[in-house]
Amino acid sequence: MSISDRPHEYALLRWVDLESTKIDERLIGILTDFELVDLHNKKSDIIKTYLKNSKVLLCSFFAEWCPNCHYDAITIKKLFSNYEAMGLKIVLTMDYSSKEKSLLFVKKYELKMPIAFGELGEKNEEKRNRTQFYHFRKALGDTRGWGAPFHIIIKNGDQNNVGIIMGEIDEKQIMCFLKEAL
């Protein structure tokens, strides 16, 4: 089955109060302490930087081999193009595959937002099960194995009440949210 033959797996945006949710405090730190690296293999603090300077921060986690991430890349590109000037910041984290394959994915869709690399540079289930991102997703009830695409939305720097999309973005829903938030 080619990517274009694969059905969409849309997920609705839901808001989660991380302070009152029974999530291990160490996992809540994923929003600011998640260890990302940039194109030069240096630790990236892009999320911390953007938290201070954005009305809405969208942190998207993709895997280049994931068909639904290919669909979502088109949506992310459109959102970035239409709303960046209004205060939307997007950080794309590529995970579960090599940097080379991830960069080919980014190039294919002409994604111009900041790119970081997650905890895993390969599709390895045993290693995935030990990652901070995996435990964060599971604590939020994500039943998917790999959990890509996965989106975290932070409005006005509020890291305690975040929007979560566990799957593809419903474009109409996110556009309504952005029109109101920006």
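Just so we're clear, the structure is a prediction, and the values are computed from it rather than from any experiment.

*Asks:* I'd like a rundown of the overall build of the protein chain, residues and numbers included.
*Replies:* Per the secondary structure count, the protein chain includes 8 helices and 10 strands. Sequence-distant contacts in the protein chain: of pairs separated by 6 or more residues, those separated by 24 or more amount to 69%.

*Asks:* I'd like a description of the pattern of salt bridges, backed by residues and values.
*Replies:* Considering all chains together, one arrives at 7 salt bridges under this definition. By sharing partners, the salt bridges in this structure join Arg137, Asp142 and Arg144 into a single network.

*Asks:* Please provide a residue-by-residue account of the pairing of strand β5 (residues 56-62), values included.
*Replies:* For β5, the tally of buried residues reaches 7 of 7 residues, placing the bulk of the element in the interior. Where β5 and strand β6 (residues 88-94) come together, 7 bridges link them in parallel fashion. Each residue of the ladder has a partner; that of Val56, found in β6, is Leu88. Considered for its hand, the β-α-β crossover made up of β5, helix α4 (residues 67-83) and β6 is right-handed. In the sheet, β5 pairs with strand β8 (residues 150-155) via 6 bridges, with the strands oriented antiparallel. Bridge pairing links Leu58 to Ile153 in β8.

*Asks:* Quick rundown of the pairing of β6? Include the residues and the values.
*Replies:* By the criterion of burial, β6 is predominantly enclosed, with 6 of the 7 residues buried. Note: β6 against strand β7 (residues 115-117), 3 bridges, orientation parallel. Looking across to β7, one finds that Thr93 is bridged to Ala116.

*Asks:* Describe in detail the environment of Arg130, supporting the description with residues and values.
*Replies:* Mapped onto the elements, Arg130 comes out in the loop between α6 (125-128) and α7 (132-139). Linking Arg130 and Glu119, residues 11 residues apart in sequence, is a C-alpha distance of 9.8 Å.

*Asks:* I'd like a rundown of the environment of Leu13, residues and numbers included.
*Replies:* Looking at the element boundaries, Leu13 is found in the loop between β1 (10-11) and β2 (14-17). Judged by relative accessible area, which is 12%, Leu13 ranks as buried. Note: C-alpha distance between Leu13 and Phe177 (164 residues apart in sequence) is 9.3 Å. The residues contacting Leu13, other than those within four sequence positions of it, are Ile153, Gly163, Ile164, Ile165, Gln173 and Phe177.

*Asks:* Quick rundown of helix α5 (residues 99-108)? Include the residues and the values.
*Replies:* Inspection of α5 places Ser102, Phe105 and Val106 among the buried residues, and these make up the whole buried set. When α5 is viewed along its axis, its buried side chains cluster within an angular range of 95° and face the same direction. Every exposed residue of α5 that faces more than 90 degrees away from the buried side is listed here: Glu100, Leu104, Lys107 and Lys108. Against β5, α4, β6 and β7 lie the buried residues of α5. The first or second residue beyond α5 is Glu110, which carries a positive phi of 50°.

Reading the values: the criteria
- Residues numbered from 1 in each chain as written.
- Predicted model: local features only at pLDDT ≥ 70, side-chain atom pairs only at ≥ 80, totals over all residues.
- Heavy atoms only, no water.
- Helix = DSSP H or I, 4+ residues; strand = E, 2+ residues; numbered from the N terminus.
- Contact = heavy atoms within 4.5 Å.
- Salt bridge = Lys/Arg side-chain N within 4 Å of Asp/Glu carboxyl O.
- Buried < 20%, exposed > 50% of the residue type's maximum accessible area, 1.4 Å probe, protein only.
- Pairing = 2+ DSSP bridges.
- Right-handed = clockwise from strand over helix to strand, strands pointing away.
- Arc of directions from axis to C-beta.

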